[in-house]
Structures are given as C-alpha cells and as structure tokens.
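Here's the letter readout for the chains.
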Amino acid sequence: MAKIKPKQPFLKRHNNIVLLIGLLLLLAGFYGIMYNQDDEWVMTEDGLLFYPELEKIEYSVMDTDDSNSDYTVKTISYTSRETQVNSLLTIPGITNNSTSAVPAVVILPGTGVTKEVEHGLSVLLADMGYASIVIDQRNLGAVDVEKDVMLFRNGAEPVEFLMVYDALIASDVLRDQPEIDGSKIAMLGSSNGGRFAIIATSIDDSISGVIVISTSGYGSDSIDREEVIDRAAYDLYLSIDPDNYVGTISPRPVVMIHSLNDTIIPYDAAMRTFEKAEGPKSFGTVDGMAHGYTAAMYPYLESGLEEIFA
C-alpha cells in the first residue's frame, strides 16, 4: 500500500465545539464539526482534502479475458470505504515474454461514462506498453452538490471526496499486480474525472504525474470570502477545486489536453488551471469541438506519458 506523506499540519476537532463555533467561524472560517474524529479524512490548514492513511486493499478478480494476444483484461472488484468499486485491469501482452514490470495508469472517466466505454483508452495504453485500471466511478461520476454540502456540514465524507479516495485505492490495486512497476503509477482523467485525478495526484506523492483531458478547475479564487454567506458550501467548494491542488504536484509532471472549442468545458478555463500548475508541465491543444479524448490527442497523450515515466 502506498504511503502518503503529510504535507501540512491538520486542523483537529474540538470537544467544546458548541461553545466555540462562533469564534472558530470568525477566526478560521471552518466548521469544527466537519473534521472526522477518527482522522479517516482531514482538512489541511489551507482547506484542502488529505488522507493520512489508506485502508488495506481488498479485491477479487471476477473474470479474466486473454482472448486478445496484445493484452489481458481482468474484471476486478475492490473495496473502498465499504463500497465495491468495479474496474477493468488491462495488462499489455508484452509482459508474457518479459520479466520487466511495466508502468501503469489509473483512468478516471468523465460523468456518465462507464469503464467499458472508456476501455478503448486502456487498449491504446496497452499498445504503448502501459498497464491501466479504469473504474466505474461512484454514481458514474455524477455530483449532487446539495447532498455533498449537507454531508460536509455534518462531518460526513462527501461523495466527491470518496471519488478521490476510490482513485487512490485503485493505484494501490495496481501496485499489487506482479506485472506492474509500483514506482511508476500515473493518474489520467477526462472531464470531471480529470478533476479527481489532479486532487488524487496532489494528495499522494507516490503518484508519478497526471494527465487530464477536457478538464479545468472551478476558479474558486475569484470569490470574495468576505461576501460568502454559506461558509460550509464555500469551504467544500474550495476543497474540491483542482485549481487549489494543481500547483502542489510539482516537481511531478502535469499534462493537460484540450479541444480549442470544447463545448462543455471552455478552453480558457482549462488554460487558467494550467497557469496555476508549476513545472514541469505541458498543454496540448487540438482543433475541434470535442469533449473528451479524440484521436488528434494521441501525440500529446504519448509524449505526456513518456515524460511522466522518464
């Protein structure tokens, strides 16, 4: 299991929170009741999500398909916060005649996209010599903002946090495979999956780098905190904004790929997120209106993985 290094001190829950909550809101801007008593998840002093430790991985192989000589696909179900996450693990065929372990990628699909639909990306990676695990995200990546605010306000783990956690556990499942080089694991996400990929990479220093396609942050730094009425909603907004994490990934590479006229996430929004990243970083622009991976993105995907695993 990957060991996650703490980046900053953590805010602790106070026993006398009822009496001090007004003062805490005024001075710190955080709801003391929101911090998990068991430290399963915590917030840094900057209001960012952090996981001190991940649970021990538990998974089972449900099916193995080796009918294609170029790669083997295993259907894996793994446990993450008492929930079963289904995934497809793809191992390139070159490992059948080689003793060398291969780098691997965690693939996080966009909202509404299943692991089966995104598996074509796994096949492309296998052709390049990389293993991958693509997961079915909780609710297929759909976000219920009101529900997450309610959970956050009451000290429960928001679903968006759990999506990040699922990605981190997926990286440990990869490391447990004998065909895979556990020191070379990258995150790759599309659209909303790209947002979770950035946050997960920031949290776990053992992740080698991140590639995101058709994604951006939320621009939470444009909000004046003094004008915020609902602090719980605001604090959650800060904690799930990739813009607040992408700058902490350095010196690991950040690779962004985006269509110039993306109809879902504006190109300018992606560029604003890219500007917040530190080096090494690269941005691949392709012509067109597509949202998500297209064949025109292949050169940027290939070069980005080469940079991450160099």
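Values in this document were obtained by computation on a predicted structure and should not be read as measured data.

### Things to note about the overall build of the protein
Helix and strand counts for the protein come out as 8 helices and 11 strands. For the protein, the share of sequence-separated contacts (at least 6 apart) that also reach a separation of at least 24 residues comes to 69%. Accessible surface, the protein: about 13,500 Å² in total, of which carbon and sulfur atoms supply 51%.

### Considering the packing of aromatic side chains
As enumerated under the stated definition, the model contains 8 aromatic pairs in all. Aromatic pair Phe-152 and Phe-161: ring centres 6.0 Å apart, planes at 80°, arrangement edge-to-face. We classify Phe-161 as buried; its relative accessible area is 0%. In this structure an aromatic cluster arises from ring pairing among Trp-41, Phe-152 and Phe-161.

### Notes on the pattern of salt bridges
Enumeration according to the criterion identifies 10 salt bridges in this entry. As a salt-bridge pair, Lys-115 and Glu-116 come within 3.0 Å of each other at their nearest N and O atoms. With relative accessibility at 46%, the residue Glu-116 sits in the partly exposed group. Among the ionic pairs, Asp-205 bridges to Arg-252, the shortest N-O distance being 3.7 Å. In this pair, Asp-205 sits in the loop between α5 (192-203) and β9 (209-213) while Arg-252 sits in the loop between α6 (231-239) and β10 (254-259), placing the two residues 47 residues apart along the sequence.

### A word on the sheet that holds β9
Taken in spatial order, the 9 strands line up as β3-β4-β5-β7-β6-β8-β9-β10-β11 in an open sheet, and their pairing is mixed. Looking at the sheet topology across the chains shown, the edges are occupied by β3 (59-65) and β11 (281-286). Each neighbouring strand pair of the sheet contributes to a mean axis angle of 20°, computed without reference to strand direction. One ladder, built from 4 bridges, connects β9 with β10; its direction is parallel. Bridge pairing in β10 links Ile-211 to Val-255. In this fold α5 packs onto β6 (102-108), β8 (180-190) and β9, with an angle of close to 140° to the strand it touches most, β8. Across the face of the sheet, helix α7 (residues 267-276) comes into contact with β10 and β11 while running at roughly 170° to β11.

### Notes on the pairing of β8
Relative to β8, β6 runs parallel, the two being bridged by 6 bridges. Bridge assignment links Ile-107 to a residue of β8, and that residue is Leu-188. Bridging between β8 and β9 involves 5 bridges; their strand directions are parallel. Note that in β9 the partner of Ala-186 across the bridge is Gly-209.

How each quantity is defined
Residues numbered from 1 in each chain as written. Predicted model: local features only at pLDDT ≥ 70, side-chain atom pairs only at ≥ 80, totals over all residues. Heavy atoms only, no water. Helix = DSSP H or I, 4+ residues; strand = E, 2+ residues; numbered from the N terminus. Contact = heavy atoms within 4.5 Å. Areas by Shrake-Rupley, 256 points an atom, 1.4 Å probe, with all protein chains shown as cover. Phe/Tyr/Trp six-rings, centres within 6.5 Å; stacked < 30°, edge-to-face > 60°. Buried < 20%, exposed > 50% of the residue type's maximum accessible area, 1.4 Å probe, protein only. Salt bridge = Lys/Arg side-chain N within 4 Å of Asp/Glu carboxyl O. Pairing = 2+ DSSP bridges. Axes fitted to C-alpha atoms, helices over the stretch in contact; angles between N-to-C directions.

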